[in-house]
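Structural overview
Residues per chain are reported as follows:
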Amino acid sequence: MQSFEGKSVYKGIAMGPIAVFHRRQQAKRKRIDNPDAEMERLEYALEVSKQQLGELYDKAVVQVGKVSAAIFEVHQMMLEDEDYLEAVRNMIRTERVNAEYAVCMTGDNFSEMFAAMSDDYMKARAADVLDISARLVRNLEGQSGEQFVLTEPSVIVAEDLSPSETMQLDKDKILAFVTVHGSTNSHTAILARMMNIPALVGVPLSLEQARNGEIAVVDGFGGKVTFAPDADMRKYAEQTIREEREKMLLLQELKGKDNVTLDGQKINVYANIGSASDIGYVLENDAGGIGLFRSEFLYLGRESFPTEEEQFEAYKQAARMMAGRKVIIRTLDIGADKQAEYFGLDKEENPAMGYRAIRICLSRPEIFKTQLRAILRAAIYGNISIMYPMIIATEEVTQIMAMVEDVKQELEEQGIQYKVPEQGIMIETPAAVMISDKLAQMVDFFSIGTNDLTQYTLAIDRQNEKLDEFYNPHHEAVLRMIKLVVDNAHQYGKWVGICGELAADLQLVERFLEMGVDELSVAPSMVLKLRKKIREICLRD
Ligand code: PEP
Ligand code: MG
């Protein structure tokens, strides 16, 4: 038995077999004596890779249709591209290096070349060339050509997990996350909370200490993970899992009840989701609506932009399943820790303050308009609202409204049914807080994003694990900002919610109610806990 302590991002407990997640490593350069033999290895790996892609294509056609499966055909063709193959072969022959290294280097070079192109389609190939190169390397190394596949519910142990890596995992098979790095405010941590999954970050272990298949207990209450637990530890885990289940059952009694204080003040409690597949958790936990649909997760963990049709289907499904309850779709908030290679974004020194969210949407209108079209079309199927992230100026709102107008005209001319829904903005920069009186006159509602608002107000990178102890969302500055935003919104008759993680902070609910916050949007697993807390509060006291 071996235990490690870490920072807990979701208070829950799980026990199950370990699955170690290894990130793609750069192949090591080795000098070879026999280039012909190396060439043969390469040819063999190419054949295996093409065969795998053919099988993936056939499987994908059945599961997701021909259009989405086409990516595997593109990958097959790329593996036959003479320029790419010549570059690899040349490097093996002239530099006498191993095939893995030649493939890796060529993949990186071609990827950079594609990323620098102005055409969006070509830019998107940057990720594809990296992907086929990684497959080739895996086959050269004799590993299975497929990426990390979970065969049973497991405790994932990783060095670190990016949001896009997390999205590629099969959610039903994740019992818990344990990562060596990672901050408690990162999007991976948020995803864990959203999925109800016990998770520990900043666990000082080396991946060699974790063995695939060995049992682990992840205790999010005590912030501890134990490998190969002894009988006592297993008993403790089993008992705590049982107790947690019982507590959850007690909370079930609150379903269908109002979020109302003892003295009659009501507040809406909504849920945050990352994809339409999370709506099951929203309904199970009886949330009054979806206060934040992080639409960028539709763009992560894949190799090309989601089409208008794909997005339309996802938003329509959300609207329909929520059957008249509010669904607030936040437009694309990509950038910073949420990266998708096919966007071809440059590496930045300071990505949290960089090219992200609405800045990308306003400067790449083709991406933004596709999303707006999908949302406006889906809006006729239920109670959808749109929300724009990372706003800092009134001019941005004016520009957004002009684009919405363009999209509306386009749909009108094409005779496509649509509806322009309620439109709001996120208040998550100090700039937006300070001009919230002006912004309130331009939009229908505000939703305060306390994760970013805390980061920008306290000048603390939410991704930086070393700063977790300084990241204080209870800071008086943040709380005063929330109050100011609520007052400014109400002055102009607009409603205001909070959708950052702070909304689920049970110590602050009373304060938010006193301020007059109209809505709190939280991880689905927190909805009933919040309802319980609200129903115990008496503001008059
Ligand atoms: C926030 O910043 O508080 C927020 C809700 O958005 P995200 O966490 O996705 O940046
Ligand atoms: Mg944010």
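An account of the accompanying structure is given in this report.

Analysis parameters
Residues numbered from 1 in each chain as written. Chains lettered and ligands numbered in written order. Predicted model: local features only at pLDDT ≥ 70, side-chain atom pairs only at ≥ 80, totals over all residues. Heavy atoms only, no water. Donors = N, O, S within 2.8 Å, 3.2 Å for Na, K, Ca; no water. Helix = DSSP H or I, 4+ residues; strand = E, 2+ residues; numbered from the N terminus. Near = heavy atom within 4 Å. Polar contact = N/O pair within 3.5 Å; in protein donor to acceptor, adjacent residues only side chain to side chain. Areas by Shrake-Rupley, 256 points an atom, 1.4 Å probe, with all protein chains shown as cover. 1 Å grid on protein atoms, 1.4 Å probe; cavity = no way out; pocket = protein on both sides within 12 Å on 5 of 7 lines; lining within 4 Å. Sits in = over half its atoms within 2 Å of the grid points. Salt bridge = Lys/Arg side-chain N within 4 Å of Asp/Glu carboxyl O. Expected span 1.5 Å × (residues − 1). Buried < 20%, exposed > 50% of the residue type's maximum accessible area, 1.4 Å probe, protein only. Pairing = 2+ DSSP bridges. Axes fitted to C-alpha atoms, helices over the stretch in contact; angles between N-to-C directions. Left-handed = near helix turned anticlockwise from the far one by under 90°. Contact = heavy atoms within 4.5 Å. Arc of directions from axis to C-beta. Points joined across faces, edges and corners; volume = space filled by probe spheres on them. Nonpolar A, V, L, I, M, F, W, Y, C, P; charged D, E, K, R; others polar. Core = buried A, V, L, I, M, F, W, Y, C linked by side-chain atoms within 4.5 Å. Phe/Tyr/Trp six-rings, centres within 6.5 Å; stacked < 30°, edge-to-face > 60°. Lys NZ or Arg CZ within 6 Å of the ring centre and 35° of its normal.

**Re the coordination of the magnesium ion (ligand 2)**
- For the magnesium ion (ligand 2), every protein donor is listed as Glu428 (OE) and Asp452 (OD), and the spread of their distances is 2.0 to 2.1 Å. A residue pair is termed long-range when its members are at least 10 positions apart, and Glu428 in the loop between strand 13 (422–427) and helix 14 (430–434) and Asp452 in helix 16 (residues 450–458) qualify at 24 residues.

**Structural notes on the site of ligand 1**
- Taken together, 16 residues lie near ligand 1, and Arg294, Arg330, Gly449, Asn451 and Arg462 sit nearest.
- Note that an oxygen atom of ligand 1 is positioned 3.4 Å from one of the side-chain N or O atoms of Lys338.
- Out of a free accessible area of 290 Å², ligand 1 has 100% covered by protein chains.
- Among the detected pockets, ligand 1 sits in the largest cavity.
- Listing elements by their share of the shell around ligand 1, those giving two or more residues are helix 7 (187–195), strand 10 (289–294) and helix 16.

**Some remarks on the pattern of salt bridges**
- This model, assessed by the stated rule, comprises 36 salt bridges.
- Residues Glu410 and Arg373 are paired through a salt bridge, measuring 2.9 Å at the closest nitrogen-oxygen approach. On the criterion of sequence distance, the pair formed by Glu410 in helix 13 (residues 394–413) and Arg373 in helix 12 (residues 365–378) is long-range, its members being 37 residues apart.
- Residue Arg462 pairs with Asp452 through a salt bridge whose shortest N-O separation is 2.9 Å.

**So, helix 17 (residues 476–491)**
- The terminal C-alpha atoms of helix 17, which comprises 16 residues, lie 23 Å apart, in line with the 22 Å expected from a rise of 1.5 Å per residue.
- What helix 17 keeps buried is the set Val478, Leu479, Met481, Ile482, Val485, Val486, Asn488 and Ala489.
- Among the residues trailing helix 17, Gly493 stands out with phi positive, at a value near 70°.

**Some points on the sheet that holds strand 15 (residues 495–498)**
- The 8 strands are arranged 9-10-11-12-13-14-15-16 in a closed barrel whose pairing can be described as parallel. Between one strand axis and the next, the sheet turns by 25° as a mean value, whatever way the strands run.
- Note: strand 11 (residues 326–330) against strand 12 (residues 383–388), 5 bridges, orientation parallel. Among the inter-strand pairings, Lys326 is bridged to a residue of strand 12, identified as Asn383.

**Section: the packing of helix 10 (residues 308–321) against helix 12**
- Packing of helix 10 against helix 12 brings their axes to within 8 Å, and their N-to-C directions diverge by 35°. Regarding helix 10 and helix 12, the two cross each other, and that crossing is right-handed. Between helix 10 and helix 12, the residues in contact are Glu308, Glu309, Gln311, Phe312, Tyr315, Lys316 and Ala319 and Thr370, Gln371, Arg373, Ala374, Ile375, Arg377 and Ala378, respectively.

**Structural notes on helix 19 (residues 527–536)**
- Within helix 19, the full set of buried residues consists of Val527, Leu528, Leu530, Arg531 and Ile534. Along the axis of helix 19, the buried residues cluster in a sector spanning 155°; they form a single face.
- Among the structural elements, helix 8 (231–252), strand 9 (268–273), helix 18 (509–515) and strand 16 (519–522) are those in contact with the buried residues of helix 19.

**A short note on unusual backbone geometry**
- Backbone geometry places Ala357, a non-glycine residue, at a positive phi of 50°.
- With respect to the secondary-structure elements, Ala357 resides in the loop between strand 11 and helix 11 (358–363).
- Look at Ala357 and you get buried, because its relative accessible area is 1%.
- Positive phi is not limited to glycine here, since Met390 has a value of about 60°.
- Structurally, the position occupied by Met390 is in the loop between strand 12 and helix 13.

**What about empty space enclosed by the protein?**
- Enumeration according to the criterion identifies 3 cavities of 30 Å³ or more in this entry.
- Roughly 80 Å³ of internal volume is contained in the largest cavity.
- Of all the elements in the fold, those that place two or more residues in the lining of the largest cavity are strand 10 and helix 16.
- Taken together, the residues of the lining of the largest cavity break down into 3 nonpolar, 4 polar and 7 charged.

**Section: the nonpolar core**
- Of all hydrophobic cores here, the largest spans 105 residues; its most connected members are Tyr388, Phe446, Ile482 and Phe512.
- Those residues within four positions of Ile482 in sequence are excluded, and the remaining contacts are Ile448, Thr450, Ile498, Leu502, Phe512 and Met515.
- Core analysis: the second largest hydrophobic core is formed by 34 residues, Ile32, Tyr57, Cys104 and Phe114 among them.

**Regarding the environment of Ala176**
- One can find Ala176 in strand 5 (residues 174–179).
- On the accessibility criterion, Ala176 (0% relative accessible area) is buried.
- Setting aside residues up to four positions removed in sequence, Ala176 forms contacts with Ala14, Ser154, Val155, Ile156, Ile197, Pro198 and Val218.

**Things to note about the packing of aromatic side chains**
- Taken as a whole and assessed by the stated rule, the structure comprises 10 aromatic pairs.
- Look at Tyr299 and Phe343: their rings are 6.0 Å apart centre to centre, the planes differ by 50°, and that puts the pair in the tilted class. Of the two residues, Tyr299 sits in the loop between strand 10 and helix 10 while Phe343 sits in the loop between strand 11 and helix 11, which places them 44 residues apart along the sequence.
- Take Phe343: its relative accessible area is 0%, and that puts it in the buried class.
- An aromatic cluster of three or more residues is present, and its members are Tyr299, Phe305, Tyr342 and Phe343.
- Taking the ring centre of Tyr381 as reference, the NZ or CZ of Lys316 above it sits at 5.0 Å.
- The residue whose ring lies beneath Arg377 is Phe312, and the NZ or CZ to ring-centre distance is 4.0 Å.

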